[in-house]
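# Notes for the structure review
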Amino acid sequence: MKKTIEKKQQRRFFIYNMISFALIFLAFGFIIYFQVQNSLYSGVDRDLLRQAEIRGAIAGAGSSDETNRLKEPPVGELDKLPNPVSMPKGQGRFVPIEWDAQGDILNKDEIGTQLADELSSDFKLTTSKLETVQSVTLSSGSSFRYVVYKAPSIASTQVRYIQFISRVDAEKQLAENFGRILIICSISFWILSIFASYYLSQKAMSPILASWKKQTEFVANASHELRTPLTIIQNKLELLLTKPNERIIDQMEPIALSLSEIRHLTKMTSDLLLLSRADSNATMLTKEKVQLNHFIAEIIEPYQEIAASLDMKIWTNLESDAFAEIDPVRIQQLLVILLDNSLKYSSAGDSIGIITSVSEHHWQLEVRDTGQGIDKENREKIFERFYREEKSRNRETGGTGLGLSIAKWIVELHHGKMNVLENEPKGSIFQIRLPLK
Ligand code: ADP
């Protein structure tokens, strides 16, 4: 079920990526293509308009004023342009074509028969867009750019429209080749980007999926761990209800057990609350300068009595009187978790040692016991939430499996490191290294 949701999510993500990349490449391709096409034709278009302008056409177009006749070009200007008349017939870069009112070409001889035939058979002069550059591709495959303007009215001639036309087969070929390369490149890069996005989405999703998996496992474990004490309390209370006339003193066992389970529940819920705050980074450290040995000795003090009552011994080796900047509340919590564990997982006759040492930038705290120890393969797992070694579950220690997760979080919050080692001949060593500042 979970796998199908993940697959569905990934497929949807993949399709969105595919569509967005396709749109991006399409837009990119169109912009580049039209830009290149424009710049390819811009030279021709500019020269077409210039040619017409120099010949006075556009300036005089549409006017019936006799003075607006085709002007002579400014001195020297016309030399800069290829002169259609001096070129081989029909081969000129800019060929002027004269049209009469019936749409027939008047200067067929001048422009050459090949061009005249091509135009007569395939081209129909439209006069709706005067003075703007247009393009046409004839059925022969030849492409042209042209501009049409109205000829000045001169009684002696039948010329109604003059068209400057330029063959642009080379430019068109270039544009087509460029378009083809652009399409091939766009498709190749689109496919590449899809693979890249698939790979990246896998990479981006994996930590999210891992934390989602962790979260669901955490919720499942938490509800399971909460259900057990709740069931015990419910059973005991139901049992008490079946004996309404009994005295409390006769029912001490179910009442005491219920109370112990309630204490366990309270501890677990406060641990869970702390961890959920840790997950949301809502807990800040309140650091202060603390004299380490004095601070640690104070925490250990009440545990001496508890250890003695369990026939265990706590010894210390507090080597330095250095100061460190720590959050005393959190470090106390850390030491209590480790001391608690050492007491829980040791037996009568065992001993627990607390050792501190200081180097230039760090201080080290070690809690070592001669208790049951931790199997090598479980040393990583004990820091996971709710993880408890099988042999610890059998003991009536009332553990929640959350203590070491909290301890690890406190150490990380102080930018420190925590290790667990084997104690010789038996037992375990919890080693913590924290920065002095
Ligand atoms: P718990 O509430 O079960 O003690 P912890 O997170 O503190 O939860 O510890 C996780 C598990 O690690 C314990 O259940 C136990 O199996 C193991 N463990 C922790 N400390 C010790 C220790 N000092 N000696 C042996 N086993 C330990």
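Residues numbered from 1 in each chain as written. Predicted model: local features only at pLDDT ≥ 70, side-chain atom pairs only at ≥ 80, totals over all residues. Heavy atoms only, no water.

### Description of the overall build of the protein
Along the protein, the regular secondary structure elements total 10 helices and 11 strands. Burial analysis of the protein (437 residues in total) assigns 38% to the buried set. Contacts spanning at least 24 positions in sequence make up 64% of the contacts within the protein whose residues lie at least 6 apart. Counting only carbon and sulfur atoms, one obtains 56% of the accessible surface of the protein, whose full area is about 26,200 Å². (Helix = DSSP H or I, 4+ residues; strand = E, 2+ residues; numbered from the N terminus. Buried < 20%, exposed > 50% of the residue type's maximum accessible area, 1.4 Å probe, protein only. Contact = heavy atoms within 4.5 Å. Areas by Shrake-Rupley, 256 points an atom, 1.4 Å probe, with all protein chains shown as cover.)

### Looking at the sheet that holds strand E1 (residues 95-99)
Pairing in this open sheet of 4 strands is antiparallel, and the strands run E1-E4-E3-E2 from one edge to the other. Strands with a single pairing partner mark the edges of an open sheet, and in this sheet they are E1 and strand E2 (134-137). The sheet shows a mean angle of 35 degrees between the axes of neighbouring strands, direction not considered. (Pairing = 2+ DSSP bridges. Axes fitted to C-alpha atoms, helices over the stretch in contact; angles between N-to-C directions.)

### A word on the pattern of salt bridges
Taken as a whole, this structure holds 13 salt bridges when the rule is applied. For Arg167, the salt bridge is made with Glu118, and the minimal N-O distance between the two is 3.3 Å. Here Glu118 lies in helix H4 (residues 113-122) and Arg167 lies in strand E4 (residues 161-167), a separation of 49 residues in the sequence. The shortest N-O distance in the salt bridge between Asp271 and Lys267 comes to 2.8 Å. Here Asp271 and its partner Lys267 are both found in helix H6 (residues 252-279), 4 residues apart, which amounts to about one turn of the helix. Residue classification places Asp271 among the buried residues on the basis of a relative accessible area of 7%. (Salt bridge = Lys/Arg side-chain N within 4 Å of Asp/Glu carboxyl O.)

### Here's the deal with the confidence of the model for the protein
Of the residues in the protein, 88% reach a pLDDT of 70 or more, and the chain-wide mean stands at 84. The weakest mean pLDDT in the protein belongs to helix H2 (residues 57-60) at 51; the strongest belongs to strand E11 (residues 428-435) at 96. In this model residues 59-92 is a low-confidence stretch, pLDDT under 50, and it forms 54 contacts with partners more than four residues away in sequence or in other chains. (pLDDT = per-residue confidence, 0-100.)

### Focus on the side chain of Asn378
The residue Asn378 is located in the loop between strand E9 (362-369) and helix H9 (390-393) in this model. When near neighbours in sequence (up to four residues on either side) are disregarded, Asn378 contacts Tyr387 and Glu389.

### Describing the site of the ligand
Close contacts around the ligand come from 21 residues, with Tyr345, Arg388, Ser392, Thr400 and Leu404 the closest. The side chain of Lys344 places a nitrogen or oxygen atom 2.9 Å from an oxygen atom of the ligand. Gly401 is positioned such that a nitrogen or oxygen atom in its backbone is 2.9 Å from an oxygen atom of the ligand. Protein contacts shield 99% of the accessible area of the ligand, which totals 530 Å² for the unbound molecule. At a threshold of 2 Å from the grid points, most atoms of the ligand map onto the largest pocket. Of the residues that constitute the shell around the ligand, the class distribution is 7 nonpolar, 10 polar and 4 charged. (Near = heavy atom within 4 Å. Polar contact = N/O pair within 3.5 Å; in protein donor to acceptor, adjacent residues only side chain to side chain. 1 Å grid on protein atoms, 1.4 Å probe; cavity = no way out; pocket = protein on both sides within 12 Å on 5 of 7 lines; lining within 4 Å. Sits in = over half its atoms within 2 Å of the grid points. Nonpolar A, V, L, I, M, F, W, Y, C, P; charged D, E, K, R; others polar.)

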